[in-house]
Amino acid sequence: MKNLINLVDKKLDEYLQITYPEEIFKAMKYTLMLPGKRLRPVMCLETVRMLNGDISKALPTACAIEMLHAQSLIHDDLPCMDNDDFRRGKPSNHKVFGEANAVLAGDALLTFAPQLIIEKTQELPPETVLKLVHEYTKFAGAYALIAGQVVDIESEGGKLTLSAKETLDFIHLNKTAALFRLAIRCGAIISRTDDTVLNELDKFAKKFGLAFQIYDDIMDEISTFEELGKTIGKDKNSGKLTYVSLYGLDEAKKKFELLINDCYAIVEKYNSTIFKDILNKLRDRILGV
Ligand code: GRG
């Protein structure tokens, strides 16, 4: 896992070159290069490895997905969205570079990412590269990531069109699971796997995404700034719709456990210590086993 994280960090730094006007590239690199868990690019690369593909062909895509993730964090922290002053243990992007540059840095990461997939992917047929860019645009856009954020903002204002449970699942399938789906689906596409495997891994990614969001919601209650690198207890204080606020801590833990067990059952069929390690880390932190 550590080797894959180091490889991703090295390639992120290499792909994103600073040039004139330096300020925008510095803002893009600031949040991108802060130490995140790199779960999405690692999952993309590990999917390729476990399906016997060549991870060098997946590096541009894995890094592009981390860029999209960084973009979503930068925009999510803006005063007009979640208004968070800290991210990855440091002041948020707009606190360092100002709001205008933070908006532009997010836009620039969002658009540079597919450019990277197109320019740097080697030894894959053009149809495969087109499929990867298609997946990227599908999951980044208004039918997934943006939809999740819109409904999240609406729900904070008390505007619910669906039931609270349906709203919460909609938000997190789109806001959180979408990028795990993107990462794993791209890994499967690069490995030229068949649709049965792709669909099974996609099912894993959806369940993992929901489990990860419940983990994130529970951590907002039980963790510290030092561990998470962002403001703690914000969801509770702002009356946000979360798995903990809707179901309570114990029920949220039970939901997490069911989802994570489903994830283990799928991963069991594949030979991946990295996926198991990720599941173990989340499970142990929440359930303490
Ligand atoms: C695509 C134009 C466009 C906008 C994006 C702002 C936004 C719309 C969406 C917000 C998505 C968001 C911030 C979801 C939260 C998902 C989540 C649980 C993030 C934390 O992920 P970790 O813990 O973070 O993997 P690190 O820092 O470790 O990478």
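A brief look at the structure comes next. (Residues numbered from 1 in each chain as written. Predicted model: local features only at pLDDT ≥ 70, side-chain atom pairs only at ≥ 80, totals over all residues. Heavy atoms only, no water.)

1. Concerning the overall build of the chain
- Summing up its helical and strand segments, the chain has 15 helices and 2 strands in all.
- Its C-alpha atoms give the chain a radius of gyration of 18 Å, within 12% of the compact-globule value 19 Å for 289 residues.
- By principal-axis analysis of the C-alpha atoms, the chain measures approximately 50 × 50 × 35 Å.
- Sequence separation of 24 or more characterises 72% of the internal contacts of the chain that already satisfy a separation of 6 or more.
- Surface accessibility of the chain: about 13,300 Å² in total, with carbon and sulfur atoms responsible for 53%. (Helix = DSSP H or I, 4+ residues; strand = E, 2+ residues; numbered from the N terminus. Rg over C-alpha atoms; globule rule 2.2 N^0.38 Å. Contact = heavy atoms within 4.5 Å. Areas by Shrake-Rupley, 256 points an atom, 1.4 Å probe, with all protein chains shown as cover.)

2. Comments concerning helix α10 (residues 195–222)
- With 28 residues, α10 should reach 40 Å at 1.5 Å per residue; the first-to-last C-alpha distance of 40 Å fits that figure.
- For α10, the N-terminal capping position is held by Asp194, with its side-chain oxygen 3.0 Å away from the main-chain nitrogen of Thr196. (Expected span 1.5 Å × (residues − 1). Polar contact = N/O pair within 3.5 Å; in protein donor to acceptor, adjacent residues only side chain to side chain.)

3. Focus: unusual backbone geometry
- A cis amide bond, omega -5°, links Tyr20 with the succeeding residue Pro21.
- Here Arg88, not a glycine, exhibits a phi torsion of approximately 50°, which is positive.
- By secondary structure assignment, the location of Arg88 is in the loop between β1 (86–87) and β2 (90–91).

4. Notes on the nonpolar core
- The biggest cluster of nonpolar side chains holds 92 residues, and the ones touching the most others in it are Met28, Met67, Phe204 and Phe208.
- The element contributing the most residues to this core is α10, with 13 residues.
- Once residues lying within four places of it in the same chain are set aside, the contact partners of Met28 are Leu16, Ala105, Ala108, Leu109 and Phe112. (Core = buried A, V, L, I, M, F, W, Y, C linked by side-chain atoms within 4.5 Å. Buried < 20%, exposed > 50% of the residue type's maximum accessible area, 1.4 Å probe, protein only.)

5. Some remarks on the environment of Ala265
- Tracing the backbone through its elements, the reader meets Ala265 in helix α14 (residues 249–267).
- A relative accessible area of 48% places Ala265 in the partly exposed class.
- Ala265 sits 61 residues away from Phe204 along the chain, and the two C-alpha atoms are 9.2 Å apart.

6. Concerning the packing of aromatic side chains
- In total, this model carries 9 aromatic pairs according to the counting rule given.
- Centre to centre, the rings of Tyr30 and Phe97 are 5.5 Å apart; their planes meet at 65°, and the pair counts as edge-to-face. With Tyr30 in helix α2 (residues 22–33) and Phe97 in helix α5 (residues 93–97), this pair connects stretches of sequence that are 67 residues apart. Of the two residues, Tyr30 and Phe97, both sit in the buried class.
- Arranged with centres 5.6 Å apart and planes meeting at 25°, the rings of Phe212 and Tyr215 form a pair that is stacked. Of this pair, Phe212 and Tyr215 are both found in helix α10, 3 residues apart, which corresponds to roughly one turn of the helix.
- By way of ring pairs, the aromatic residues Phe180, Phe204, Phe208, Phe212, Tyr215 and Phe275 are connected into one cluster.
- A cation sits over an aromatic face here: Lys255 above Tyr247, 4.4 Å from the ring centre. (Phe/Tyr/Trp six-rings, centres within 6.5 Å; stacked < 30°, edge-to-face > 60°. Lys NZ or Arg CZ within 6 Å of the ring centre and 35° of its normal.)

7. Regarding the packing of α2 against helix α6 (residues 99–120)
- Relative to each other, α2 and α6 sit at 75°, their axes nearing to 9 Å. One way to sum up the angle between α2 and α6 is to call them roughly perpendicular. Listed contacts from α6 to Glu23, Ile24, Ala27, Met28 and Leu32 of α2 are Asn101, Leu104, Ala105, Ala108, Leu109 and Phe112.
- Grouping the amino acids of the contact of α2 with α6 by side-chain chemistry returns 9 nonpolar, 1 polar and 1 charged. (Axes fitted to C-alpha atoms, helices over the stretch in contact; angles between N-to-C directions. Parallel < 35°, antiparallel > 145°, perpendicular 65-115°, else oblique. Nonpolar A, V, L, I, M, F, W, Y, C, P; charged D, E, K, R; others polar.)

8. Observations regarding the environment of Lys276
- Following the sequence through the fold, Lys276 ends up in helix α15 (residues 273–287).
- Here Lys276 falls in the partly exposed class, since its relative accessible area comes to 29%.
- Measuring from C-alpha to C-alpha, the distance between Lys276 and Pro41 comes to 16 Å, with 235 residues separating the pair along the chain.

9. Here we look at the site of the ligand
- Around the ligand sit 19 residues in total, of which Lys37, Arg40, His69, Arg88 and Ala140 are the nearest.
- Here an oxygen atom of the ligand sits 2.6 Å away from a polar atom, N or O, in the side chain of Lys37.
- Alone, the ligand offers 750 Å² of accessible surface; in the complex the protein occludes 90% of this.
- Those elements that place two or more of their residues in the shell around the ligand are α4 (59–77), α8 (145–156), α9 (164–190) and α10.
- Per-element tally for the shell around the ligand: the top contributor is α4, with 5 residues.
- When grouped by side-chain class, the residues that make up the shell around the ligand number 5 nonpolar, 8 polar and 6 charged. (Near = heavy atom within 4 Å.)

10. A word on the packing of α4 against α9
- One can describe the packing of α4 onto α9 by two numbers: an axis separation of 10 Å at closest approach and a directional angle of 170°. Compared by their axis directions, α4 and α9 come out roughly antiparallel. Contacts between α4 and α9 pair Thr61, Ile65, Leu68, His69 and Asp76 from the former with Lys175, Leu179, Leu182, Ala183, Cys186 and Ile190 from the latter.
- Here the contact of α4 with α9 is built from residues that sort into 7 nonpolar, 2 polar and 2 charged.

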